[in-house]
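# Secondary and tertiary structure notes
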Amino acid sequence: NQASRLCDAAEADEVLVARADLRRVPTGVVENNHDPVSLRGLGDVDVVTLATARSIGGIHDTGELWTRVPYM
């Protein structure tokens, strides 16, 4: 499926989401443009990367556990 192929295409510590599947980004998370990704059987998919927004002090703290390093 598309989601698992996007996981395989992502670099280390990168979260790729198909732009068509993105509905609402939680507070503290930002979407960044990314070049389209070519997925076997699906062709080129328009994607964005998700990242945490930096606070004034440069510390990642959005209250969301999945944004904390290391995530396990």
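Heads up: the structure comes first, above all this text.
For the structure given in this document, a descriptive report is provided here. Just so it is clear, the structure is predicted and the values come from calculations on it, not from any experiment. (Residues numbered from 1 in each chain as written. Predicted model: local features only at pLDDT ≥ 70, side-chain atom pairs only at ≥ 80, totals over all residues. Heavy atoms only, no water.)

For the chain, the count of helices and strands is one helix and five strands. Secondary structure elements of the chain, listed N to C terminal, follow the sequence α-β-β-β-β-β. In the chain, which comprises 72 residues, the share counted as buried stands at 22%. Counting contacts in the chain only where the partners sit at least 6 residues apart, residues at least 24 apart contribute 43% of the total. (Helix = DSSP H or I, 4+ residues; strand = E, 2+ residues; numbered from the N terminus. Buried < 20%, exposed > 50% of the residue type's maximum accessible area, 1.4 Å probe, protein only. Contact = heavy atoms within 4.5 Å.)

The next thing to look at is the sheet that holds strand β1 (residues 15-18). Ordered by their spatial adjacency, three strands build an open sheet running β1-β5-β2, and the pairing between neighbours is antiparallel. Here the strands that pair on one side only, and so sit at the sheet edges, are β1 and β2 (29-33). Strand after strand, the sheet turns through a mean of 40 degrees between neighbouring axes, direction not considered. As defined by bridge partners, β2 adjoins strand β5 (residues 47-52) across five bridges and the pair is classed as antiparallel. What sits directly across from V29, in β5, is T52. Contacting β1 and β5, helix α1 (residues 2-9) runs over the sheet at an angle of about 145 degrees to β1. (Pairing = 2+ DSSP bridges. Axes fitted to C-alpha atoms, helices over the stretch in contact; angles between N-to-C directions.)

Among the structural elements, Q2 can be located in helix α1. Through-space distance from the C-alpha of Q2 to that of V45 is 9.1 Å; in sequence the pair is 43 residues apart.

As a further point, take the nonpolar core. Formed by L6, A10, L16, A18, V37, L39, V45 and V47, the largest nonpolar core amounts to eight residues. Broken down by secondary-structure element, the contributors of at least two residues to this core are β1 and β3 (37-39). Counting five residues, the second largest nonpolar core, distinct from the first, contains L22, V29, V48 and L50. (Core = buried A, V, L, I, M, F, W, Y, C linked by side-chain atoms within 4.5 Å.)

Now for unusual backbone geometry. The phi dihedral of D13 is positive, around 60 degrees, even though this residue is not glycine. For D13, the location among the structural elements is in the loop between α1 and β1. Residue classification places D13 among the exposed positions, given a relative accessible area of 83%.

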